[in-house]
Amino acid sequence: MRISQLRQRLRDLGAKPCHEDRFLRGWSQVSTYDRAHSPAENFFPMALRKDLSALEAELTKLARLHNEHSTDDGVARMLLELSDGQMVESVLLPRGGLCVSTQVGCAVGCVFCMSGRNGLQRQLGSAEIVAQVVLARKRRSVSKVVFMGMGEPAHNLDNVVEAIQLLGTQGNIGHKNLVLSTVGDVRVFERLTQEKIKPALAVSLHTTNPTLRTRLLPNAPLVTIEELVERAETYARATSYPIQYQWTLLEGVNDSDDELEKIARLLAGKYALMNFIPFNRVDGLSYHPPAPERIASMVQTLKQQGILAKIRNSAGQEIEAACGQLRARVAKGNHLSVT
């Protein structure tokens, strides 16, 4: 289901814009439809009131909790079942954060990521994306949503943008607290500048070496790294949100001093933050994260050259549940179709 379809459904039930707005606020914020001196039973049209329970039940089925793995630091990685039986992952993060998926599987095929090991299964509708936020809000407060779960948001841009527009309005989430992650599809930069709600951006870089990047991200757009950074910088200056560059650290692959020197040159003077993410070990892959001392040294080296850098651990490392791993386990145990 898409948000646009949900809106049409409401209109078919007699909803005017004011009714539509109140319903979407109630659904996306998990709050009452009632207002002071204006209870829903008097406010909503009769047809909508009669269909309300059935509509809510249908929305609940968009994303249901299949199982959950929690850690002591406030992280809860959830495996969600969609209405057609497919599975995606969503992660509750500390301080009101939530990571959501935008696709079942992924077509980019990053060699260090479990999500794309079996390719793209299907797109998520915008209502399915928002339904992950609704499910999370039934458990705890959510004030930040990052589109960094399963899938490449740029490959499902219409649905992702539709979800962002709802979350940034009726969903009551600050625009800078909506963060879209991309491997660098230029359509993201072109499209988001035209939208009313402009999210912050995270760009998956992983290396400054174009040949290595093609090997690590085999189906990423063929845009030069320099052009990618320049487009990102233009967006950052237009929105006043720094670009978060993502760099999954692989020992002996992209953790060299040469990479550090090139990062420093590439991001010099840029409105940017480098997030180093130690590789989360995945069964069947031979990659390893660098030693903690090496990672700390890399961060310090960049800081000394004026580049803001941080270490961001992948949620779920303690329970071996990096993005895509929970779904893969269920697929293997239950023979879930992943082709």
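Residues numbered from 1 in each chain as written. Predicted model: local features only at pLDDT ≥ 70, side-chain atom pairs only at ≥ 80, totals over all residues. Heavy atoms only, no water.

### Some words on the overall build of the chain
Inference 1: Secondary structure assignment for the chain yields twelve helices and twelve strands.
Inference 2: Computed over its C-alpha atoms, the radius of gyration of the chain comes to 21 Å, within 12% of the 20 Å expected for a compact globule of 339 residues.
Inference 3: By principal-axis analysis of the C-alpha atoms, the chain measures approximately 65 × 45 × 35 Å.
Inference 4: Per-residue burial over the chain gives 55% buried out of 339 residues.
Inference 5: Carbon and sulfur atoms provide 49% of the accessible area of the chain, an area that totals close to 14,800 Å².
Inference 6: The distance from the centre of the 41 positive side-chain charges to the centre of the 35 negative ones in the chain is 4 Å. (Helix = DSSP H or I, 4+ residues; strand = E, 2+ residues; numbered from the N terminus. Rg over C-alpha atoms; globule rule 2.2 N^0.38 Å. Buried < 20%, exposed > 50% of the residue type's maximum accessible area, 1.4 Å probe, protein only. Areas by Shrake-Rupley, 256 points an atom, 1.4 Å probe, with all protein chains shown as cover. Lys, Arg positive; Asp, Glu negative; His and termini not counted. Charge placed at Lys NZ, Arg CZ, Asp CG, Glu CD.)

### Structural notes on the environment of Gly119
Inference 1: Among the secondary structure elements, Gly119 is positioned in the loop between strand S5 (103-105) and strand S6 (120-123).
Inference 2: Note on Gly119: relative accessible area 22%, which makes it partly exposed.

### Remarks on the sheet that holds strand S11 (residues 272-278)
Inference 1: Spatially, S1-S2-S3-S4-S7-S8-S9-S10-S11-S12 is the arrangement adopted by the ten strands of the open sheet, whose pairing is mixed. Either end of the sheet is taken by a strand with one partner, and the two such strands are strand S1 (63-70) and strand S12 (309-311). Here the strands of the sheet are splayed against their neighbours by 25° on average, with no regard to which way each runs.
Inference 2: Bridging between strand S4 (residues 97-99) and strand S7 (residues 144-147) involves three bridges; their strand directions are parallel. Residue pairing for S7: Gly97 is matched across the bridge by Lys144.
Inference 3: Helix-sheet contacts for helix H10 (residues 257-267) involve strand S10 (243-249) and S11, and the interaxial angle to S11 is about 155°. (Pairing = 2+ DSSP bridges. Axes fitted to C-alpha atoms, helices over the stretch in contact; angles between N-to-C directions. Contact = heavy atoms within 4.5 Å.)

### Structural notes on the pairing of S7
Inference 1: Sheet analysis places S7 next to strand S8 (residues 178-182), joined by three bridges and oriented parallel. Residue pairing in the sheet places Val145 in a bridge with Leu178 of S8.
Inference 2: Between the parallel pair S7 and S8, the chain is carried across by helix H6 (residues 157-167), and the sense of this crossover is right-handed. (Right-handed = clockwise from strand over helix to strand, strands pointing away.)

### Focus: the environment of Val145
Inference 1: Considering the arrangement of structural elements, one finds Val145 in strand S7.
Inference 2: The buried category is assigned to Val145, whose relative accessible area is 0%.
Inference 3: Val145 sits 34 residues away from Val179 along the chain, and the two C-alpha atoms are 6.4 Å apart.
Inference 4: With sequence-adjacent residues up to four places away left out, Val145 is seen in contact with Leu98, Val100, Val133, Leu167, Ile173, Asn177, Leu178 and Val179.

### Details of the pattern of salt bridges
Inference 1: In total, this model carries 19 salt bridges according to the counting rule given.
Inference 2: Salt-bridge contacts for Arg77 lead to Glu89; the nearest nitrogen and oxygen are separated by 3.3 Å. Of this pair, Arg77 sits in strand S2 (residues 76-82) while Glu89 sits in strand S3 (residues 87-93), placing them twelve residues apart in sequence. For the pair Arg77 and Glu89, a shared accessibility class is recorded, and that class is buried. (Salt bridge = Lys/Arg side-chain N within 4 Å of Asp/Glu carboxyl O.)

### Digging into the nonpolar core
Inference 1: Of all hydrophobic cores here, the largest spans 81 residues; its most connected members are Phe23, Trp27, Tyr245 and Phe276.
Inference 2: With eight residues, the top contributor of residues to this core is helix H5 (residues 126-137).
Inference 3: Apart from the residues within four sequence positions on either side, Tyr245 is in contact with Val203, Leu205, Val229, Ala232, Leu267, Ala272, Leu273, Met274 and Asn275.
Inference 4: By size, the runner-up hydrophobic cluster in this structure holds 15 residues, among which are Cys110, Val183, Leu212 and Ala220. (Core = buried A, V, L, I, M, F, W, Y, C linked by side-chain atoms within 4.5 Å.)

### Comments concerning the packing of aromatic side chains
Inference 1: Counted according to the given criterion, the structure contains five aromatic pairs.
Inference 2: Ring geometry for Phe43 against Phe44: centres 5.8 Å apart, planes inclined by 50°, an arrangement best described as tilted.
Inference 3: For Phe43, a relative accessible area of 22% gives the class partly exposed.
Inference 4: The exposure class of Phe44 is buried, given its relative accessible area of 2%. (Phe/Tyr/Trp six-rings, centres within 6.5 Å; stacked < 30°, edge-to-face > 60°.)

### As for the environment of Ser31
Inference 1: Of note, Ser31 is situated in the loop between helix H2 (17-29) and helix H3 (40-43).
Inference 2: The spacing of Ser31 and Arg137 is 106 residues in sequence and 9.8 Å in space, taken between C-alpha atoms.
Inference 3: The residues touching Ser31, leaving out its near neighbours within four places in the chain, are Arg25 and Gly26.

Read these as geometric descriptors, not functional statements.
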